[in-house]
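Residue strings, one per chain:
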Amino acid sequence: MPLRPPQPRRARVLVVDDHHEVAAVVVERLEECGVVAEAVHSAEEALEWLRQRQWPEGEFDLVLCDVVLPAMSGLELLRHARQHWPLTKVALMSGYGSIDSAVEAMRCGACDYLQKPFTNDALVTLVRRALALDDVAGGFNVAAIVGEVAAAVASDSCFSDGVLDGLRRALRVVVRATGADDGEIFLCEPEGRDPLLCVWTGPDDGALVDRTRFSAGLGYPGIVVVSGKPICRKGNLADDPRYLRRAVVDAGIRSLVAVPLFDTRGVLGSLHVMSRRDDFPVERVLDVLERAAVPVASAVRAGLAALRQSVDTVCGDLDDGGRQLRVVLDLMRQVAGAQYGTLALIDPTTDRPSQVVSTGPASLVCAHAESGALATCTSLLAAHGVATQPGRRDWPEACRCGLPRRAVSPCCLPLVANGRLHGLVVLDFGRAAPEHTHARLVPLLCMASQLAIRLQTRTSGVSLRSTSETSELVAIGGQAAPELELRCFGPFGVWRRGQQIPAESFTRGKALVLLKLLALAGGAPVNRDVLIEQLWPEVDPRQGANRLHGVVHDLRSVIEPNRTDREWKYVRNRGELYYLDVSGPLEIDLVRFRHALLRGLRADDDGAAEATALLESAVDVYRGELFADEPFAEWCDAERSELREAFVDALERLARLHGTQGNDEKVLWCWRRALRASPFREDLLMGQMELLRELGRPREALAAFEEHRRLLEGDVDAEASPELLALHRRVRSAAQLAARDDAPPGPRRKRTSTSVRPLRS
């Protein structure tokens, strides 16, 4: 009888997480990928399994461990495992947002780091990368490179002295180790969300700084931060229509690798390396960059958090007139390395400065702010910062016309939080300005955003939103920050008077889940048995009732700490029915979205003029997927999909309304935002491509198509429809014709409302 050939050995992974549900989901996903996985719920259990080697084949290939565990932490387990089982790799995961834990993990020998909440794709990618047979591949010692990067950014603050020194050291390590010619790091604005060039190195720095800002979704930086996926290009970079930096291509760059820098709330920015070689090993470099991006992103989080904390330390309660404002203004001036500065608070009733403090001899407030004509500044309306060099000719038009003659090299920072403008900070670098002042914009905007958050408690601010004809500023009449606010779109957050309540304040883990369930009901009562079934499906009703009582008590003690009369303001109950009292000083973005959307849909159906403003107010509330911090939660899947579809439908209607009014840029904004939410909808992509073709911007249309094609091939293994391919051929012909003529396209024909694609039935 012939012998059966030996079966290939299956990789073995030990999952360590004290949250049983998370561990079970991770194990299930790994087993679907052909990995043998087992779960334990403490570091002590993990050590026992490692000692006994309970697998018949020997020790584990990988331990995937949570950082925060009862008794022994994940870092302690990592150190123990590296000492006694050096062949077993350890990867750490954390949902507590520790800004230094990733850097410390890499320095202690972790092979990788995963930030919760994570997607299935991110989990599988990490495990496959960690199970690679050898860290030394193609001449790259990945572990050594990542360790050196972690050491480079492990200073007290990578934003010390206003310069991103730690990040620049780390970037040089990556460029040298991979054999690249140039490297760069883009970071996203905290409110405007455009990626800005902050750190770069290499002989082609003049070409790199030729374009330092990209809109979300445009160019390699914009695509990476929106999609959260890397981009590799091996040779012929000039042939990719998505790459919009002609100066870099003209400098001889042929290949490029770009990876995202992840944060718990999304993407912080992107890390790029570039080469003149056509044979640049982009696949192996991609592995290096994805691993090196972990300590880099953690260092960015650490630096920005330190700057926010410095503002909080100075601000206090902002109750002593202008002294604290002057101190925080001087702090921002020192971080920037500027000579003078002015801080102006805006009165929401007049749109003019109500309080002005300066550190120099005179005010730097621009004429637009002084006259209340803030809507004339497009950068302000988009919550963008502006940094200029000496020489007024190169300044933006609004700055040339508005800033006083005494300003030499100004930097303007809007104080924006949650879409509301509270004031402006204008700094002047003077004639001794550094060569590239834009590199300081992101850390300064981070400080400005934190100051705006603190200002919410004392001023209502001015809402930044658009009307049908022109972008304008609309005051929120006398409405200060809500006493309690629940943010359900994006990662769930609880805010009291403009200040976020840390998740660690809730001693019982189920308290936040209960609050989510009640917020999802939007004020409608929920039966006790339904809550128990959702929170503890495995326990009997009596035991569940006792647990629910304890969780409700913990929840109330955090959000209503000063209530002594048991007359609860927010979490109320009538017998066995629990609900949130939305009639009181409580604001839930989910409820606000539904109400604004309903009013907007009715107005649009009736042909009312205010439909545009109502729909815009609805889509502004949608910050991301419902409860994005719980991507595996099945109890909200239906609502999550329903809200996503409603959001996309609102954007389609807005695109049609703006199209009839000739607001082309706003139509494009609607298409792009809708595609981020529903990336596989071809009708949305076709609407965007048709408009870009008519506007004489075929390269952008081709870039959007290429991104969609890569998404189809990578995620669902599908092909574009014949209709989309036909449109692609027409756009490509237009691009070739424009390139052959070597002249800007002529004026486009006048469009009618039929050029905006009809709504999906």
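None of these values were measured; they are calculated from a predicted model. Per chain, the residues get numbers from 1 upward, laid out in the order the sequence is written. Since the coordinates come from a predicted model, pLDDT governs what is reported: local features require at least 70, and pairs of side-chain atoms require 80 or more to be given and counted, while whole-chain, interface and lining totals use all residues. In computing side-chain values, all of the structure's heavy atoms are included and hydrogens and water are not.

**Thoughts on the packing of aromatic side chains**
Threshold: Centres within 6.5 Å are what make two rings of Phe, Tyr or Trp a pair, Trp counting through its six-membered ring; a difference in plane orientation under 30 degrees is then read as stacked, over 60 as edge-to-face, and the rest as tilted. To qualify as a helix, a DSSP run of H or I must reach at least 4 residues; to qualify as a strand, a run of E must reach at least 2; elements of each kind are numbered from the N terminus. Categorising residues by exposure relies on relative accessible area from a 1.4 Å probe, with only protein chains included: less than 20% of the type maximum marks a residue as buried, more than 50% marks it as exposed, and the intermediate range marks it as partly exposed.
Per the stated rule, a full pass over the model turns up eight aromatic pairs. Judged by centre distance (4.8 Å) and plane angle (40°), the rings of Phe489 and Tyr622 are tilted. One end of the pair, Phe489, is in the loop between strand S20 (484-487) and strand S21 (493-496); the other, Tyr622, is in the loop between helix H21 (611-621) and helix H22 (637-660), with 133 residues separating them in the sequence. One exposure class covers both Phe489 and Tyr622, and it is buried.

**Some points on the pairing of strand S25 (residues 577-580)**
Basically, it comes down to this: Whether two strands pair depends on DSSP finding at least two bridges between them.
The pairing of strand S23 (residues 526-527) with S25 spans two bridges and is classified as antiparallel. Bridge assignment links Asn527 to a residue of S25, and that residue is Leu577. As judged from the four bridges shared by strand S24 (residues 571-574) and S25, these two strands associate in the antiparallel manner. If you follow Val571 over to S25, its bridge partner there is Leu580.

**Some thoughts on the sheet that holds strand S10 (residues 231-233)**
Filter applied, for reference: Comment: axis = line fitted to C-alpha atoms, over the contacting stretch for helices; angle = value between 0 and 180 degrees taken between N-to-C directions. In this analysis, two residues are considered to be in contact whenever any of their non-hydrogen atoms come within 4.5 Å of each other.
Spatial strand order, S9-S8-S12-S11-S10: five strands in an open sheet with antiparallel pairing. Sheet topology places strand S9 (195-201) and S10 at the edges, where each strand pairs with a single neighbour. The sheet shows a mean angle of 20° between the axes of neighbouring strands, direction not considered. Sheet strands in contact with helix H11 (residues 282-315) are strand S8 (182-188), S10, strand S11 (255-263) and strand S12 (266-275), and its direction is about 35° off that of S11.

**Quick word on the side chain of Gln688**
By the element assignment, Gln688 lies in helix H24 (residues 682-694). For Gln688, the contacting residues outside a window of four places in its chain are Leu668, Trp671, Arg672, Leu675 and Ala704.

**Regarding a negative patch on the surface**
In plain terms, the rule: What goes into a patch is any residue over 30% in relative accessible area without a salt bridge, connected to like charges within 9 Å or, for nonpolar side chains (Val, Leu, Ile, Met, Phe, Trp, Tyr), within 5 Å. Here the accessible surface of atoms and residues is derived via Shrake-Rupley with a 1.4 Å probe, and residues count as covered only by protein chains that are part of the display. Counted as salt bridges are all cases of a side-chain nitrogen of Lys or Arg within 4 Å of a carboxyl oxygen of Asp or Glu. We count Lys and Arg on the positive side and Asp and Glu on the negative side, and we leave His and both chain ends out. By convention, the charge on Lys lies at NZ, on Arg at CZ, on Asp at CG and on Glu at CD.
Taken together, the side chains of Glu28, Glu31, Glu38 and Glu634 present a region of like negative charge at the surface. Mapping Glu38 onto the fold places it in strand S2 (residues 36-40).

**Digging into the confidence of the model for the chain**
Rules: Confidence per residue, as judged by the predictor, is encoded in pLDDT with a range of 0 to 100.
Summarising the model, the chain shows a mean pLDDT of 81, and 86% of its residues fall at 70 or more. Counting contacts from residues 1-7, a segment whose pLDDT is below 50, to residues more than four positions away or on other chains yields zero contacts. Confidence drops under a pLDDT of 50 for residues 747-761, and excluding neighbours within four residues, the segment shows 26 contacts in the predicted structure.

**Section: the packing of helix H6 (residues 142-152) against H11**
Basically, it comes down to this: Oblique is the label for every angle not falling under 35 degrees (roughly parallel), over 145 degrees (roughly antiparallel), or within 65 to 115 degrees (roughly perpendicular). Crossings are sorted by hand: turned counterclockwise from the far helix by less than a right angle, the near helix makes the crossing left-handed, and turned clockwise it makes it right-handed. All amino acids are sorted into three groups, where Ala, Val, Leu, Ile, Met, Phe, Trp, Tyr, Cys and Pro are nonpolar, Asp, Glu, Lys and Arg are charged, and the leftover types, Gly among them, are polar.
Their axes nearest at 9 Å, the elements H6 and H11 cross at an angle of 25°. Classified by the interaxial angle, the pair formed by H6 and H11 is roughly parallel. The crossing of H6 and H11 is right-handed. Across from Val142, Ile145, Val146, Val149 and Ala150 in H6, the residues of H11 making contact are Asp287, Val288, Arg291, Ala292, Pro295 and Val296. Residue composition of the contact of H6 with H11, by class: nine nonpolar, no polar and two charged.

**A look at helix H2 (residues 43-52)**
Rules: The arc refers to the directions leading from the helix axis to the C-beta atoms.
Where H2 is concerned, the buried positions are Ala43, Ala46, Leu47, Trp49 and Leu50. The buried residues of H2 occupy an angular sector of 160° when projected down its axis, which confines them to one face. Looking at the buried residues of H2, the elements they touch are strand S1 (12-16), S2, strand S3 (62-66) and helix H3 (74-84).

**Points about the pattern of salt bridges**
Counting across every chain of the model gives 39 salt bridges. Between Lys510 and Glu21 there is a salt bridge whose closest N-O contact spans 3.4 Å. Taken together, the residues Lys510 in helix H17 (residues 510-521) and Glu21 in helix H1 (residues 20-32) connect sequence positions 489 residues apart. The exposure class of Lys510 is partly exposed, given its relative accessible area of 23%. We note a salt bridge from Glu184 to Arg245, for which the minimum N-O separation is 2.6 Å. On the criterion of sequence distance, the pair formed by Glu184 in strand S8 and Arg245 in the loop between S10 and helix H10 (246-250) is long-range, its members being 61 residues apart. For the pair Glu184 and Arg245, one class covers both residues: buried. If you follow the salt bridges from partner to partner, you end up with Asp604, Asp605, Asp649, Arg653 and Arg656 in one network.

**Details of the nonpolar core**
Definition in use: What makes a nonpolar core is a set of buried Ala, Val, Leu, Ile, Met, Phe, Trp, Tyr and Cys residues whose side-chain atoms join them at distances within 4.5 Å.
The biggest cluster of nonpolar side chains holds 84 residues, and the ones touching the most others in it are Leu486, Val494, Phe506, Leu514, Leu580, Ile588 and Phe593. In terms of residue count, the dominant contributor to this core is H17 (nine residues).

**Observations concerning helix H12 (residues 323-336)**
Basically, it comes down to this: Residue count minus one, scaled by 1.5 Å, sets the expected span of a helix.
Counted at 1.5 Å a residue, the expected span for H12 with its 14 residues is 20 Å, and the 20 Å between its end C-alpha atoms agrees. For H12, the full list of buried residues reads Gln324, Leu325, Val328, Leu329, Met332, Arg333, Val335 and Ala336. Buried residues in H12 make contact with H11, strand S13 (340-347), strand S14 (352-358), strand S16 (410-417), strand S17 (420-428) and helix H16 (441-455). After H12 finishes, the residue Gly337 shows a positive phi value of roughly 75°.

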